[in-house]
Amino acid sequence: MIELLWLLLPVAAASGWLAAKQSIKAKSATSPFHLTPEYFRGVNYLLNEEPDKAIDVFIQLMEVSSETVETHLALGALFRRRGEVNRAIRIHQNLISRPSLSASQHSLALLELSQDYRRAGLLDRAENLFLELVNSEEHEIYAYRQLLDIYQQEHDWEKAILTARKLANVSPEPIHFIIAHYYCEQADLLRQQGLQEAARQAIQQALQVDPHCVRASILEGTQAVDAGTLEQAIRAFQRVEKQDPDYLTEVLESLQFCFQELQRPLDFTRYLRHILERYGGISPMLMLAKLINHQHGESKAADFIVTQLHKRPSLRGLDLLLDLVISNPDSISRDHLLLLKDMTVQLIKNKHLYKCHHCGFKGKTLHWQCPSCKQWNTIKAIQGQENG
Ligand SMILES: [Zn+2]
């Protein structure tokens, strides 16, 4: 009986809506729902719990005409929303097969059907319909966006790049930085396949499309480290500062490695000081403190941290300070500090280190595309006090 309810409700609503619409038009319209024998046949199917046959009857009853197209569309969309995708598909396919539809009604029905296919996971069929829809001026941008979604889902970066370039020609929104990410995705795959030269070219393409693509610089640097060309790696990693200093945290460890390998530890210390003075941030401060500890001992490092904590209070800075004090056996309040230390470790462990500034998503790793809102470049390390 639940089936009966769900089917009759939309039909009733649709026919009521249609009747209202027709009365507004002041037409002596005939209702599409006469209580004909056919209608009772449909109800009978429902009572026998054969809803698919019932739908066929009702669809036939509600003949497709310019007056009822919208009702069919509403009914189909309703079925899709309820997860009854196969029924939605039947209604929309039925619509499309009618030659009486106007061009704009036809593309509207195509649009609905393509959404049904997406919902049903029939991506190749959805793709074909969207490829048809990009020719309609009305739905062009929407269709390109849907195609992009599909290609992203299928990791078909080549098609994604081609489609995004076409979209860029008709859409006012900037998407060059997304195209750069597609090239980076491509480069990632090529590297996994051992195709280093092709990967290198994809990375350069990314930088060409979006000179501010941090991800491409990190990829270039990582590739250079693998190839042993450390000077080039340093150049690529240091480029991040000009592209977007908020991402510097991601390259500091790699930079430290490169400078160490090249026996240039002082250059690295100098670079860290420059970064810290210019942009602040916890990571360069912690790194520098560890270097000072290593080169000049605990008390110098503690002095440095206390000065820094004074400028920018942070739990992680405090944590490192506690490490230093605890390792000092003369400390009188050692037990107290151990308690504090436990607290900070707990706090850091529970903290999310990355946050999407578009939707607020938080996570422990860097995603280039936010898993929650699907925006690109919106996730960054949480800086300052908030980072704990
Ligand atoms: Zn987000």
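Because the structure is predicted, anything quoted here is derived from the model rather than measured.

**Student:** A description of the overall build of the protein chain should follow, citing residues and the corresponding values.
**Tutor:** If you tally the helices and strands in the protein chain, you get 19 helices and three strands. Among the 388 residues that make up the protein chain, the fraction classed as buried is 46%. Surface summary for the protein chain: the accessible area is close to 20900 Å², and the carbon and sulfur share equals 53%.

**Student:** Give a description of the coordination of the zinc ion that names residues and reports values.
**Tutor:** Geometry sets the ideal angles at a metal, namely 109.5 degrees for four tetrahedral donors and 90 or 180 degrees for six octahedral donors. Here the zinc ion is held by the protein donor atoms Cys 356 (SG), Cys 359 (SG), Cys 370 (SG) and Cys 373 (SG), which lie 2.3 Å from it. Here the zinc ion binds four donor atoms, and the angle range of 107 to 114° at the metal identifies the geometry as tetrahedral. Here the donor residues for the zinc ion map to a single chain with the spacing C-x2-C-x10-C-x2-C. Of this pair, Cys 359 sits in the loop between strand E1 (354–356) and strand E2 (362–363) while Cys 370 sits in the loop between E2 and strand E3 (379–381), and the two are 11 residues apart along the sequence.

**Student:** Account for the packing of aromatic side chains, with residues named and values stated.
**Tutor:** Evaluated as defined, the whole model comprises four aromatic pairs. A ring pair is formed by Tyr 247 and Trp 368, whose centres lie 5.5 Å apart and whose planes are at 35°; its orientation type is tilted. You can see Tyr 247 sitting in the loop between helix H13 (230–243) and helix H14 (252–261) and its partner Trp 368 sitting in the loop between E2 and E3, a full 121 residues away along the chain. With respect to burial, Tyr 247 and Trp 368 carry one shared label: buried. Plain terms: the ring middles of Phe 259 and Phe 268 are 5.9 Å apart, the flat faces sit at 40° to each other, and that makes the pair tilted. For the pair shown, Phe 259 and Phe 268 are each scored as buried. Aromatic rings pair up to connect Trp 157, Tyr 182 and Trp 376 into one cluster.

**Student:** I'd like a description of the sheet that holds E2, backed by residues and values.
**Tutor:** The strand order E2-E1-E3 describes an open sheet built from three strands, whose pairing is antiparallel. Two strands bound the open sheet, and with one partner strand each, they are E2 and E3.

Conventions adopted
- Residues numbered from 1 in each chain as written.
- Predicted model: local features only at pLDDT ≥ 70, side-chain atom pairs only at ≥ 80, totals over all residues.
- Heavy atoms only, no water.
- Helix = DSSP H or I, 4+ residues; strand = E, 2+ residues; numbered from the N terminus.
- Buried < 20%, exposed > 50% of the residue type's maximum accessible area, 1.4 Å probe, protein only.
- Areas by Shrake-Rupley, 256 points an atom, 1.4 Å probe, with all protein chains shown as cover.
- Donors = N, O, S within 2.8 Å, 3.2 Å for Na, K, Ca; no water.
- Tetrahedral: all angles 85-135°; square planar, octahedral: opposite > 155°, others 65-115°.
- Phe/Tyr/Trp six-rings, centres within 6.5 Å; stacked < 30°, edge-to-face > 60°.
- Pairing = 2+ DSSP bridges.

Shape is all these values report; function is a separate question.
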